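Structural description and commentary
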Amino acid sequence: MAGFSHVRDLLENPPGEEEVQVRGWVYRTRSSGKIVFAVLRDSTGIVQVTIKKGNLPDPEFEQAVGATIESSVEVRGTVHKDDRAPGGYELRAKSFILIGPAPPFPITEYQSEELLLDNRHLWIRSREQTAVMKVKASLLMGARNWLDENGFFEVTPPIFTQNACEGGVTLFKLKYFDREAYLSQSAQMYLEAIMFSLERVYALTPSFRAEKSRTTRHLTEFWHLELEEAWVDNIGNMKIQEELVSAMVQEVVRDRKEEIALLGRDIEQLKAIVPPFKRVTYSHMIERLQGKGIDIAWGCDLGAAEERAVTQEETIPTFVTNFPIECKAFYMKQDPDDPRTVKCADLLAPEGYGEIIGGSERETDIDIIMARLAEQQVPVDAYQWYLDLRRYGSVPHSGFGLGVERVLRWVCKLEHIRDAVPFPRTVARAYP
Ligand code: NSS
């Protein structure tokens, strides 16, 4: 008998007569006198363990009788077909050893959302949360594989910064010895700097936004996948985005069928996420919204409600391009063909989920950047290093930021973005 097996291996390749050992946590149990049915969970799945008095030493049988939910155990036994058991097989125990006992588990069925969030450190053991974390790992693996195949270098920008990339309103300020600093809202400006060495770069970092509004799509700390590409315009930038997002989703389709089914999402909907995505201009979107009877004027930013209205019926993501210059950050390139607008694109996920990426071609004209910073009453001093990037060998370039939890929320069909991260940070919560 070789070491320990994982549950999935037992169910996929039942070992026949041979004895096997598994270890994990008690998912649920029920007993009737001389027999205990315990469902055991490990990182790969669940299996029913049948513990019959007489088949193992009495003290071990008593341990099985007393094993509470989430106790950790080691079991040795043989695998037998049983259509009533989850996965179609049961493990008949010849040994049952309690490794770590557990007091009564605080989470039972039908708990309030608040109690689940207070016990997040335990709730993440649930099957739904486990599935979501696996899908996230596959999304990131799909991204990294695609980025590697397409000549992008992964780099490591700082988190402490002295610049606002996305405006002062959502900055987390902190005392940095005798100075003020902020937690990074975006690695973009640093990626722009590193791009001059490596041309195509990306970083996966936490980003921080002091978002005071309680919504189902804002975290105060989220994982940000950001790319910066030399010699690429806004159109090239969108092509990179649709290929990357598609590669991420198709990795999930390949690896995570079971998890996607468990989460109640039809895998066929994910298979359809392939280029080309839709493209519409902001101006066209405003007309479409007005056509739906929504009261919005040209010049207003799109909020969650507007995004929902225009993506509810869609099955693939949509790029919205050319937003009014006033709506967007100082670094976006003014469009010479329509100077009221910038060469940018927000990528909106279908089915009403809305924005998952914000990206743009970057302004290369230093005077325009300085004027826009001045308009926004931002002191230029802290941006001198960034302005140097326009002084020393500036090139056309573009980039974008993808909100990992936003993508995960859409792919897993989650009601609330907090379920896309194991320990959510929101305006209401930074515990546990
Ligand atoms: O503000 S963004 O639209 N754009 C940037 O930060 C650029 N500087 C990125 C770049 O070009 N390198 O944010 C990008 C994405 C956005 O589309 C969301 O998907 C996500 O980051 N995002 C968030 N996710 C969760 N919670 C919050 N609060 C949040 N804010 C942005």
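See the structure printed just above.
Residues numbered from 1 in each chain as written. Predicted model: local features only at pLDDT ≥ 70, side-chain atom pairs only at ≥ 80, totals over all residues. Heavy atoms only, no water.

1. A word on helix 7 (residues 234-255)
For clarity, the cut-off: A helix here means a DSSP run of H or I that spans at least four residues, while a strand means a run of E at least two residues long, and both kinds are numbered starting from the N terminus. By this rule the span expected of a helix is its residue count minus one, scaled by 1.5 Å. Burial here depends on accessible area, computed with a 1.4 Å probe over protein chains only, as a share of the maximum for the residue type. Under 20% is buried, over 50% is exposed, and the range in between is partly exposed.
Compared with an ideal rise of 1.5 Å per residue, which puts 22 residues at 32 Å, helix 7 spans 32 Å between its outermost C-alpha atoms and is within 8% of the ideal. Most of helix 7 sits out of view: 16 of its 22 residues are buried.

2. Examining the pairing of strand 4 (residues 72-81)
Applied cut-off: The pairing criterion is simple: DSSP has to find at least two bridges between the two strands.
Where strand 1 (residues 20-32) meets strand 4, six bridges bridge the pair, whose relative direction is antiparallel. What sits directly across from G24, in strand 4, is V73. Across 10 bridges, the pairing between strand 4 and strand 5 (residues 89-100) is antiparallel. Looking across to strand 5, one finds that V79 is bridged to L91.

3. Brief notes about the site of the ligand
Short version of the rule: Nearness is judged by heavy atoms alone; a residue qualifies as near a molecule or strand once a single heavy atom is within 4 Å of it. Contacts described as polar in this section are N or O atom pairs within 3.5 Å, which, within protein, must combine one atom able to donate a hydrogen with one able to accept it, while residues neighboring in sequence count only if both atoms come from side chains. Each accessible area is a Shrake-Rupley estimate made with a 1.4 Å probe; only the visible protein chains count as cover when residues are assessed.
The full set close to the ligand counts 24 residues, and E166, Q188, L219, E226 and E355 are the nearest of them. Side-chain polar atom of Q188 to a nitrogen atom of the ligand: 2.7 Å apart, as the coordinates give it. At 3.2 Å from an oxygen atom of the ligand is found a main-chain nitrogen or oxygen belonging to G358. For the ligand, whose accessible area on its own is 620 Å², the fraction buried by protein is 94%.

4. Quick notes on the sheet that holds strand 7 (residues 160-161)
Taken in spatial order, the three strands line up as 7-9-8 in an open sheet, and their pairing is antiparallel. Bordering the open sheet on either side are strand 7 and strand 8 (173-176), each of which pairs with just one other strand. Two elements, strand 7 and strand 9 (residues 179-183), share two bridges in a ladder whose sense is antiparallel. Within strand 9, the residue paired with T161 across the bridge is Y182.

5. Focus on the packing of aromatic side chains
Rules: Working definition: rings of Phe, Tyr and Trp (its six-membered ring) pair if their centres are within 6.5 Å, and the pair is stacked with planes under 30 degrees apart, edge-to-face with planes over 60 apart, and tilted otherwise. Charge-over-ring contacts are defined here by two conditions on Lys NZ or Arg CZ: a distance within 6 Å of the ring centre and an angle within 35 degrees of the ring normal.
Counted by the stated rule, this structure contains 11 aromatic pairs. Pairing W146 with F152 gives two aromatic rings, centres 6.1 Å apart and planes at 35 degrees, and the pair type is tilted. An aromatic cluster of at least three residues, connected via ring pairs, comprises Y190, F330, Y331, Y383, W385 and Y386. Sitting over the ring of F4, R23 keeps its end group 3.9 Å from the ring centre. Positioned over the ring face of F323 is K328, at 4.2 Å from the centre of the ring.

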